[in-house]
Amino acid sequence: MIPSQPSALLPSLFEHVDEGRRLTVLHIGPALAETVTFFSHYRCKLHFIDLFGDLAKLAPAEDATVSLEQTLLDLMQIPDGTRFDLCLFWDLFNFLQRDAIGALAHALAPHLKDTTLAHGFAVHSLKTPQSGKLYGIKELDQISTRPRATPLPGYSPCNQGQLERTLDCFSVTRSVLLPEGRLELLLRASRRS
């Protein structure tokens with residue numbers, strides 16, 4: 001049986017989904033079977049992009065010949081004209097330096113609608129340890145959790161305030177404090193200047 005944790009915010013992502021309308025979903029991380037099964041109940045196009053395997057390429061480097069934004073664009077390869085309805089970031093923001101989060105915001109901005117919603121995790125305290133989990137959707141209010149084979153490099157967690165200042169294409173609409181000092185976040189696309 002796949003372990004899971006309850007989610008107070010995941011249902012909000014689907015609250016206004018018209019089941020007859022096609023969804024376009026960005027999922028950062030590997031395509032877990034339970035997530036694919038969950039989305040099989042919707043008309044949707046899923047974009048699974050596992051940036052966790054490329055974290056070393058997303059670390060800022062003084063001698064970089066390619067910008068972080070261009071690196072992200074090359075890794076994600078989002079087709080022109082794609083506009084996401086839902087984005088599932090999971091704990092990606094806890095493994096990116098602030099420059100990389102800003103670059104991600106710029107890379108994603110052209111692919112967001114005014115109504116795009118997102119889900120992710122941050123931390124309440126910067127001393128919160130790495131969770132060491134892979135996440136997916138088991139049920140509308142259940143997030144599946146699987147242990148990662150090895151800890152990920154570059155753990156540099158963001159608290160909610162830091163994330164909101166850096167990820168300027170989204171604003172946090174709700175947050176819930178979870179055990180171990182983690183925060184579950186619901187985000188909405190925003191146009192900040």
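All values derive from a computational prediction rather than experimental measurement. (Residues numbered from 1 in each chain as written. Predicted model: local features only at pLDDT ≥ 70, side-chain atom pairs only at ≥ 80, totals over all residues. Heavy atoms only, no water.)

## Side note on empty space enclosed by the protein
Part 1 of the reasoning: On inspection of all chains with the given rule, the structure shows one cavity of 30 Å³ or more.
Part 2 of the reasoning: Size it by volume and the largest cavity reaches roughly 60 Å³.
Part 3 of the reasoning: As for the largest cavity, its lining consists of Asp91, Asn94, Phe121, Ala122, Val123, Pro129, Gln130, Ser131, Tyr135, Tyr155 and Arg182.
Part 4 of the reasoning: Looking at which element gives the most residues to the lining of the largest cavity, the answer is strand β5 (residues 112-123), with three residues. (1 Å grid on protein atoms, 1.4 Å probe; cavity = no way out; pocket = protein on both sides within 12 Å on 5 of 7 lines; lining within 4 Å. Points joined across faces, edges and corners; volume = space filled by probe spheres on them. Helix = DSSP H or I, 4+ residues; strand = E, 2+ residues; numbered from the N terminus.)

## Here's the deal with the layout of surface pockets
Part 1 of the reasoning: In this structure, the largest pocket encloses a volume near 260 Å³.
Part 2 of the reasoning: In this structure, the largest pocket is lined by 14 residues; those nearest its centre are Leu13, His16, Thr115, Leu117 and Arg188.
Part 3 of the reasoning: Looking at the lining of the largest pocket, the elements that each hand over two or more residues are α1 (10-14), β4 (84-90), β5 and β9 (182-189).
Part 4 of the reasoning: Considering only residue class, the lining of the largest pocket consists of six nonpolar, four polar and four charged. (Nonpolar A, V, L, I, M, F, W, Y, C, P; charged D, E, K, R; others polar.)

## Points about helix α3 (residues 68-76)
Part 1 of the reasoning: All of the buried residues in α3 are Leu68, Thr71, Leu72 and Met76. Axial view of α3: buried residues confined to an arc of 120°, hence all on one face.
Part 2 of the reasoning: Here the buried face of α3 lies against β3 (44-49) and α4 (98-108).
Part 3 of the reasoning: Gln77 sits one or two positions beyond α3 and adopts a positive phi of about 45°. (Buried < 20%, exposed > 50% of the residue type's maximum accessible area, 1.4 Å probe, protein only. Arc of directions from axis to C-beta. Contact = heavy atoms within 4.5 Å.)

## So, the environment of Leu163
Part 1 of the reasoning: Here Leu163 is to be found in helix α5 (residues 160-166).
Part 2 of the reasoning: Looking at Leu163, the relative accessible area reads 1%, which means it is buried.
Part 3 of the reasoning: Along the chain, Leu163 and Asn94 lie 69 residues apart, while their C-alpha atoms are 9.4 Å from each other.
Part 4 of the reasoning: Aside from chain neighbours lying at most four places away, what touches Leu163 is Phe93, Ile101, Ala122, Cys158 and Leu185.

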